[in-house]
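# A closer look at the structure
Spelled out, the chains give:
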Amino acid sequence: MEQRFKSISQKRRFWQFPWGYKESFLISFAILLIGFLIEYISDGKGISLPGWPVNLFIILFFIVFLIITSKYVKHPIIKWVSSTQAAISSISVLTFLILLMGFIPQENQNVIPFIRKIGLSHVTHSLPYFLCSFYLLIILGFTIVRRFLPFTIKNFAFFLNHAGLWIVVVAASLGSADLWRLNMQLFENKTNFVAYDTRGNPFKMPFALKLLNFSIEEYPPNIALMDNKTKTLKIKKGDKLIDVTKDKITRIGNWEIVIDKYIESAIKDSVGYDTSSNVGAVPAVYLIAENTQTNEKRKGWVTCGSFLMTPEILILNDEYSVAMTIPRAKKYSSEIRVFNNVEDFTDIVIEVNKPKKVNGWNIYQSGYNEKMGKWSNMSIVELVRDPWLPVVYTGIFMMLAGAVYLVWMGRWKRTKDIHTDS
Amino acid sequence: MTWLNYPFFVFLTSGLWIAGLLILLLPKTSKLRIISDILLICGVLSLLYFTVYLWISLERPPFRTLAETRLWYAIFISVIGIILFYRWKLVWMLSYCLFMSILFIFINYLNPDTFDKTLMPALQSPWFIPHVIVYIIGYAFLAVSSLTGIKGLYLLSKGKSVEKTIKLADNIVYIGFAFLTFGLLFGALWAKEAWGHYWTWDPKETWSFLTWMVYLLFIHFRISKKKNIRSSLWILALAFVVLLICWFGINYLPSAQTSVHVYS
Ligand code: HEM
């Protein structure tokens, strides 16, 4: 009897400190629900974060708040807020929310209205997402401040991982309001200084761009069998695409196909195709196909066509023809002259994966007129300005360093293990 | 060398590994151990030989299609299995790794890729190889950790001690998780370079982030005061399901139809 009485009196009641998993999960899912509710009431408008300099003040205030509170407030809630239970609850709700996002198509117009209203069609700028991330950042922040001292190697690795993540999330989300991503279309030998955002709003740039030259390097084309009725290439997984520069003789089914001639860039004339570098010229092959069973022979030119010329195929029989695939771009690049004013200009070359930095803006090669292919005289560039990038990168490199430590040490022995692992 | 030569290496590697494993299962003599070591390593070398020649003949790194990814996965998981075997002497771990590896090379044998040589411009980046390699290593470690977890659940159901097993799982998760972090961050740095933004919540990005979060959950659950071994093991199993969706399932999800990452 006495034994029983003791165990009851020692048992912690719900909401009695120190809080454990129950309280933590209740709080985190309450936050999620509140987020859904507010989003629903505001009709799924989402949330937009303030830009410079308000975002900087918010961040500084946040940091000062974390340090002051964890230093001077002696309430069990401050202990809870840096506990693993709280951490697990916050990671769980955010995971849960992103899991929903992983299944529901985002930014899709034909979504069930209710889903849109509670923000699930645009999770990353919805209120529930914002609140859950904020909750995670508070817990992560308090954890970092509590563990920052004493300064040991182990704590330093802890600091790199946790503070790195904190910095990345804070700078990437609060900095997103200062992020500019604009598109500009450039035509050869024309100058342009107006760029558009994704919604189509025009912006005057502080500089003008002139496209001097746009060029594409292509992979050699392939030939393949085409179904005459459906006009689709008959390529199964595992089938070989025929490279016109390498495979001189190939067999497809009963047909032996010989590539007699290959012209990289050709124009049709009265007898066939001839080398030319005119606009609209196409790669062309002269094929001789022979059916090994019936000894039927077919000969003729095959091209993939261009915006000026119709494609040509070689008809083998009622069912099949040989056709050429449209060559794929290997790389494309733009030579651009950047004008700060009429006299002051610099020339740059941009390529996919190789942007250039101009006056605080990064200029990316984004696209071109795909219909015209290699004859495109238009280049689309993306202009990106991201003043918070150095901060995000600082966080990323801290996390990378922290991860190196994890690889090196595996799970390091913690002092706590001695008490809890038995 | 192309995929046409592949069947030979499939059978050579599988044969070497199976022979090596069988010798290990025999009553041990030190002489036989050396033979099995040699067989196991030769199996890896045979796959590696094929891959290097494939790389040369394709004139681009073979990291693009699902089959090529599987090839690397097969190599790394077998290497990790062998390393773990020498470190901890766990025959079941080795068998599992080699089985997974053989499974992957056979999937490739039965379901080969198109003989596609082209690489779209956005993939021609110095970030491409490290990004994919660290992911593959990370996935391999995490796959192994999940098997360790399943072994733990089995031992638990038999009422045996799981202390050692879960400690091993912890270590492997830490290493795998670190590689996953590398993969995520390399991907972000690369995306910034190629597309102008480091994170766009593309479905593949969403799912790899989810995978990362679930393992993060496991790590923190394991260090928390009120941990429960059975729940830890279940989290580990669940994490593997998320990882599998991220890796294979993504191509079939309705939310992923516009992904830049869906393999051709
Ligand atoms: C980059 C991501 C993260 C990594 C690699 C990581 C890793 C770790 C590791 C290895 C520990 C044990 C360290 C030790 O005690 O020596 C730990 C502890 C902890 N982490 Fe994380 N973590 C990450 C993110 C987070 C997040 C997002 C939160 C909270 C929302 C969090 C909260 C905590 C807490 C509360 C502890 C316990 C600290 C203590 O008891 O002193 N961590 N983390």
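Residues numbered from 1 in each chain as written. Chains lettered and ligands numbered in written order. Predicted model: local features only at pLDDT ≥ 70, side-chain atom pairs only at ≥ 80, totals over all residues. Heavy atoms only, no water.

## A few points about the coordination of the iron atom of the ligand
- For the iron atom of the ligand, the full set of protein donor atoms is His162(A) (NE2) and His220(B) (NE2), and the range of their distances to it is 1.8 to 1.9 Å.
- Coordination at the iron atom of the ligand comes from six donor atoms whose angles at the metal span 86 to 180 degrees, giving a geometry best classed as octahedral. Placement of His162(A) in helix α8 (residues 153-174) and of His220(B) in helix α7 (residues 203-223) is noted, with the two residues assigned to different chains. The exposure classification of His162(A) matches that of His220(B), with both residues buried. (Donors = N, O, S within 2.8 Å, 3.2 Å for Na, K, Ca; no water. Tetrahedral: all angles 85-135°; square planar, octahedral: opposite > 155°, others 65-115°. Helix = DSSP H or I, 4+ residues; strand = E, 2+ residues; numbered from the N terminus. Buried < 20%, exposed > 50% of the residue type's maximum accessible area, 1.4 Å probe, protein only.)

## Focus: the packing of helix α6 (residues 163-195) of chain B against α7(B)
Residue and element names in this part refer to chain B.
- At their nearest, the axes of α6 and α7 sit 10 Å apart, and the two run at 145 degrees to each other. Along this stretch, α6 crosses α7, giving a crossing that reads as left-handed. Along its contact with α6, which presents Ile 166, Asp 170, Val 173, Tyr 174, Phe 177, Leu 180, Thr 181 and Leu 184, the element α7 presents Ser 208, Phe 209, Thr 211, Trp 212, Tyr 215, Leu 216, Phe 218, Ile 219, Arg 222 and Ile 223. (Axes fitted to C-alpha atoms, helices over the stretch in contact; angles between N-to-C directions. Left-handed = near helix turned anticlockwise from the far one by under 90°. Contact = heavy atoms within 4.5 Å.)

## Concerning α6(B)
All names here are of chain B.
- With 33 residues, α6 ought to run about 48 Å at 1.5 Å a step, and its terminal C-alpha atoms sit 47 Å apart, in line with that.
- The buried count for α6 comes to 27 of 33 residues, which makes it a mostly enclosed element.
- Just past α6, the residue Gly 196 takes up positive phi, approximately 90 degrees. (Expected span 1.5 Å × (residues − 1).)

## Comments concerning the packing of aromatic side chains
All names here are of chain B.
- Within the structure shown, the criterion is met by 43 aromatic pairs over all chains.
- With 5.5 Å between their ring centres and 40 degrees between their planes, Phe 9 and Phe 50 make a pair best called tilted. With Phe 9 in helix α1 (residues 6-25) and Phe 50 in helix α2 (residues 30-58), this pair connects stretches of sequence that are 41 residues apart. Take Phe 9 and Phe 50: they sit in the same class, and that class is buried.
- Plain terms: the ring middles of Phe 177 and Trp 212 are 5.3 Å apart, the flat faces sit at 20 degrees to each other, and that makes the pair stacked. (Phe/Tyr/Trp six-rings, centres within 6.5 Å; stacked < 30°, edge-to-face > 60°.)

## Some words on the pattern of salt bridges
Residues and elements named next belong to chain A.
- Under the criterion given, the structure shown has 12 salt bridges over all chains.
- Residues Lys 374 and Glu 218 are paired through a salt bridge, measuring 4.0 Å at the closest nitrogen-oxygen approach. Here Lys 374 is found in the loop between β16 (361-368) and β17 (378-385), whereas its partner Glu 218 is found in strand β3 (residues 202-218), with 156 residues between them in sequence.
- When the shortest N-O distance is used, the salt bridge between Lys 354 and Glu 351 registers 3.3 Å.
- On the basis of relative accessible area, Glu 351 is assigned to the buried category, the value being 17%. (Salt bridge = Lys/Arg side-chain N within 4 Å of Asp/Glu carboxyl O.)

## A few points about the domain arrangement of chain A
- Under the domain assignment used here, chain A contains domain 1 (15-179 + 390-408), domain 2 (180-217 + 330-385) and domain 3 (220-327).
- One C-alpha centre belongs to domain 1 of chain A, the other to domain 2 of chain A, and the line joining them spans 37 Å. (Domains from an automatic or database assignment.)

## Quick look at the confidence of the model for chain A
All names here are of chain A.
- A residue-level look at chain A finds 93% of positions with pLDDT of 70 or above and a mean pLDDT of 86.
- Element-level pLDDT for chain A is lowest in helix α10 (residues 415-420), with a mean of 41, against a maximum mean of 95 in helix α7 (residues 127-147).
- In this model, residues 1-9 is a region of pLDDT below 50 whose contacts with residues beyond four sequence positions or in other chains number zero contacts.
- Taken together, the stretch residues 415-422 has pLDDT below 50 and engages in nine contacts with residues farther than four places along the chain or on a different chain. (pLDDT = per-residue confidence, 0-100.)

## Here's the deal with the pairing of strand β7 (residues 255-268) of chain A
Residue and element names in this part refer to chain A.
- Bridging between strand β6 (residues 249-252) and β7 involves four bridges; their strand directions are antiparallel. Residue pairing for β7: Ile 249 is matched across the bridge by Val 258.
- Counting the residues that bridge the hairpin from β6 to β7 gives two residues, and of these Gly 253 lies at a positive phi of roughly 60 degrees.
- Summarising the sheet, β7 and strand β9 (residues 282-291) pair through nine bridges and their orientation is antiparallel. (Pairing = 2+ DSSP bridges.)

## Examining a nonpolar patch on the surface
- On the surface, a cluster of nonpolar side chains totalling about 710 Å² of accessible area is made up of Ile41(B), Leu45(B), Leu48(B), Tyr49(B), Val52(B), Tyr53(B), Trp55(B) and Ile56(B).
- Tracing the backbone shows Val52(B) in helix α2. (Patch = residues over 30% accessible without salt bridge, like charges linked within 9 Å, V, L, I, M, F, W, Y side chains within 5 Å. Areas by Shrake-Rupley, 256 points an atom, 1.4 Å probe, with all protein chains shown as cover.)

## Considerations on the pairing of strand β4 (residues 222-227) of chain A
Residues and elements named next belong to chain A.
- Within β4, five of the six residues are buried, which leaves it mostly tucked inside the rest of the structure.
- Two strands pair when backbone bridges link them, and β4 and strand β5 (residues 242-243) are joined in this way by two bridges, in the antiparallel orientation. From the neighbouring strand, Ile 223 faces β5, where its bridge partner is Ile 242.
- Looking at chain direction, β4 and strand β12 (residues 320-324) are connected through five bridges and run antiparallel. Considered in β12, the bridge of Met 226 is made with Ser 321.

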